[in-house]
Number of protein chains: 2
Amino acid sequence: MFTLAEENYLKAIFHLEHDSAGEVSTNAIAESMDTRPSSVTDMIQKLAEKKLLTYKRYKGVKLTKEGIKVAANVIRKHRLWEVFLVEKLNFHWDEVHEIAEQLEHIQSEELITRLDKFLGSPDFDPHGDPIPDKHGVLKRTEKRLLSEIEKNQQGVCVGVKESSAEFLQYLDKKKISIGTKISVLGKEFFDGSMIIQVGADQFFISKMVAENLFVQTL
Amino acid sequence: MFTLAEENYLKAIFHLEHDSAGEVSTNAIAESMDTRPSSVTDMIQKLAEKKLLTYKRYKGVKLTKEGIKVAANVIRKHRLWEVFLVEKLNFHWDEVHEIAEQLEHIQSEELITRLDKFLGSPDFDPHGDPIPDKHGVLKRTEKRLLSEIEKNQQGVCVGVKESSAEFLQYLDKKKISIGTKISVLGKEFFDGSMIIQVGADQFFISKMVAENLFVQTL
DNA sequence: TTTTATATTTAGGCAAGACTAAAAAAATAT
DNA sequence: ATATTTTTTTAGTCTTGCCTAAATATAAAA
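Conventions used here
- Residues numbered from 1 in each chain as written.
- Chains lettered and ligands numbered in written order.
- Predicted model: local features only at pLDDT ≥ 70, side-chain atom pairs only at ≥ 80, totals over all residues.
- Heavy atoms only, no water.
- Helix = DSSP H or I, 4+ residues; strand = E, 2+ residues; numbered from the N terminus.
- Expected span 1.5 Å × (residues − 1).
- Buried < 20%, exposed > 50% of the residue type's maximum accessible area, 1.4 Å probe, protein only.
- Contact = heavy atoms within 4.5 Å.
- Pairing = 2+ DSSP bridges.
- Axes fitted to C-alpha atoms, helices over the stretch in contact; angles between N-to-C directions.
- Buried area = accessible area lost by both parts, 1.4 Å probe.
- Salt bridge = Lys/Arg side-chain N within 4 Å of Asp/Glu carboxyl O.
- Polar contact = N/O pair within 3.5 Å; in protein donor to acceptor, adjacent residues only side chain to side chain.
- Near = heavy atom within 4 Å.
- Lys, Arg positive; Asp, Glu negative; His and termini not counted.
- Domains from an automatic or database assignment.
- Parallel < 35°, antiparallel > 145°, perpendicular 65-115°, else oblique.
- Nonpolar A, V, L, I, M, F, W, Y, C, P; charged D, E, K, R; others polar.
- Least-squares fit on C-alpha atoms with pLDDT ≥ 70 in both.

Novice: Explain helix α1 (residues 4-19) of chain A here, please?
Specialist: Because each turn of an α-helix spans 3.6 residues, side chains separated by three or four positions in sequence point in the same direction. All names here are of chain A. For α1, with 16 residues, the first-to-last C-alpha span of 23 Å sits near the 22 Å given by 1.5 Å per residue. Taken together, the buried positions of α1 are occupied by Glu6, Glu7, Asn8, Tyr9, Leu10, Lys11, Ala12, Ile13, Phe14, Leu16 and Glu17. Where α1 is buried, its residues meet α2 (26-33), α3 (37-49), β1 (53-55), β2 (61-63), α4 (65-88) and α5 (97-103).

Novice: Is there a simple way to explain the sheet that holds strand β8 (residues 213-217) of chain B in this structure?
Specialist: Strand pairing in a sheet relies on backbone hydrogen bonds, with the paired strands running either antiparallel or parallel. Residue and element names in this part refer to chain B. As summarised here, the arrangement of the six strands in space is β3-β8-β4-β5-β6-β7, forming an open sheet in which the pairing is antiparallel. Every interior strand has two partners, whereas the edge strands, β3 (144-145) and β7 (201-205), have only one. Its contacts with the sheet put helix α7 (residues 165-173) on β4 (154-160), β7 and β8, and the angle it makes with β4 is roughly 150°.

Novice: Would you take a moment to explain the interface of chain A and chain B for this structure?
Specialist: For interface size, the figure often reported is the accessible area lost on association. Facing the 20 residues of chain A at the interface are 20 residues of chain B. When the two sides are added together, the surface that chain A and chain B hide from each other amounts to roughly 1600 Å², 73% of it contributed by carbon and sulfur. Looking only at chain A, the three residues that lose the most surface to chain B are A:Leu89, A:Gln102 and A:Arg114, adding up to 32% of its buried area. Counting every contact that joins chain A to chain B gives zero salt bridges. Where chain A meets chain B, there are six residue pairs in polar contact (both at pLDDT 80 or more).

Novice: How do you make sense of the protein's contact with DNA strand C when you look at a structure like this?
Specialist: The immediate surroundings of DNA strand C are formed by 21 residues, with A:Gln45, A:Tyr55, B:Thr3, B:Ser39 and B:Lys46 found nearest. A distance of 2.7 Å is found between a phosphate oxygen of DNA strand C and a side-chain nitrogen or oxygen belonging to A:Gln45. Between DNA strand C and B:Tyr58, the relevant distance is 3.4 Å, taken from a sugar or linking oxygen to a side-chain nitrogen or oxygen of the residue. Elements represented by at least two residues in the surface near DNA strand C include exactly α2 and α3 of chain A together with α1 (4-19) and α3 (37-49) of chain B.

Novice: Quick question: what am I supposed to make of the protein's contact with DNA strand D here?
Specialist: Near DNA strand D, the surroundings consist of 21 residues, among which A:Thr3, A:Ser39, A:Lys46, B:Gln45 and B:Tyr55 are the closest. Taking the atoms of DNA strand D that fall within 4 Å of the protein, sugar and phosphate contribute 75% of them. Between DNA strand D and the protein, one listed contact pairs a phosphate oxygen with a side-chain N or O atom of B:Tyr55 at 2.4 Å. Here a phosphate oxygen of DNA strand D sits 3.0 Å away from a polar atom, N or O, in the main chain of B:Tyr58.

Novice: Sorry, what's going on with the side chain of B:Glu82 here?
Specialist: All names here are of chain B. Mapped onto the fold, Glu82 is located in helix α4 (residues 65-88). Among buried charged residues, Glu82 stands out as having no salt bridge; its nearest opposite-charge side chain is Arg79, 6.0 Å away. Contacts of Glu82, omitting those with residues within four sequence positions, involve Val96, His97, Ala100, Asp125, Pro126 and His127.

Novice: Explanation requested: the domain arrangement of chain A in the structure shown.
Specialist: What the domain assignment reports for chain A is domain 1 (4-63) and domain 2 (144-217). Computed over C-alpha atoms only, the centres of domain 1 of chain A and domain 2 of chain A are separated by 33 Å.

Novice: It is not clear to me how the packing of α1(B) against α3(B) should be interpreted in this structure. Could you clarify?
Specialist: Two quantities define a packed helix pair, namely the angle between the axes and the distance from one axis to the other. Residues and elements named next belong to chain B. At a minimum axis distance of 11 Å, the contact between α1 and α3 shows a crossing angle of 95°. Taken as axis vectors, α1 and α3 run roughly perpendicular relative to one another. For the pair α1 and α3, contact is made by Ala5, Glu6, Tyr9 and Leu10 and by Ser39, Val40, Met43, Lys46 and Leu47, respectively. Among the residues making up the contact of α1 with α3, the classes are represented as six nonpolar, one polar and two charged.

Novice: Explain the relation of the copies chain A and chain B to me, please; I cannot follow it from the model alone.
Specialist: One copy of the chain maps onto the second through a rotation around an axis plus a translation along that axis. Rotating chain A by 180° and translating it 0.0 Å along the rotation axis places it on chain B, where the RMSD comes to 0.1 Å. Look at the turn and shift together and you get a two-fold axis relating the two. In terms of C-alpha distance to the rotation axis, chain A has A:Leu103 as its closest residue, with the C-alpha 3.7 Å off the axis. When the interface residues of chain A are mapped onto chain B, 100% of them again lie at the interface, so the same face is used by both copies.

As structure tokens, then:
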């Protein structure tokens, strides 16, 4: 149906649209895909012809209904495979991204239907990201960034914003994973750092960490 | 490591080497891959430079140790994924080939190690074909073609030579699958057809069928 | 507003992997 | 042994998806 490159562009644009509202710029796509702006221009012209996004020269792009559907489906496959890798093959959550990047391009409706069922139709992937349903609809949640939580409040970790292996390994070292209860004991206003409690341990985390952890307040 | 196209050529050549001894011809490769001889020449020259096969102009090719290893690994992945699809996702044995053709190219040693363990380190795929181990070694079996079995002997179906969906669906209709006991009641010499018994049913099968079913005699 | 900087697009090329058409080698037939 | 057929290779093209360099549009600064 679509080439690997096309699917990757649609996925990247989908993510960029969710991070920041409005049109997505050529440069932003190039940066997120580690490619050159000129290559991006080539591809978005091709995708515009296929009606997967709307494009006006110098004005950035926006996915069409169809483009959103295709992108969401790739993301659905990516996240379902991540669940498979973690739940069934016992991979750790910091090891699954690259493999899922490959598996997400396997073409078979039936495969995904059955995989979803085999996994018990999960709503979230191992990093707490929601899995779109067949129609591309995401389950919305009440999640907030840990950095938005006030002193003396507490929350349960429900996901990560960044999911680089480095960050996930840091979280492991601190014994933080999906479902972990976190209490905010103190907050420095000048640099956004925090003192938090996880289990019996109390420790310092930087603003960068607090801004990449999603929690649900209790 | 290797491109999708390279892996597919190596796999095709590996199979051709096993079907008929000696060098594999350009035309044979082209036919088995549904491509043009000139394309094959291009690719085998490239693979020869990479030392995956030996090639002399007009003389055909032969895989090197390294080429065999790479091909066997692709086949190992293909067959393991087929087991997964049938055993875990409840696909039928005639539905899994195309999907496994895609999955076989996923690059991750660790993935295959874990998948193999998850599946209980199977020795055979759903069609009865042996799964190479990590080193490319196939478990040898005593299987013979049903067509070689004499009247009044019996055997257990252990695999199929052809695994087209059409043939597998024919076998289903006749209630023949891996593990099914088959008794040869009669054999026509002039056309190679047979009368066989499967469970309580007795019926006629053509030479073509008998030549594509592997059995182990009892 | 004019200049400067930044973002984007165009033009032209490259590599992979396919193709067709034509040339050359090998195999087969006379 | 020569002629014919078949197989294989070479030469030249095409498409996809990327690149660099140069041109152009937009945005920011003076």
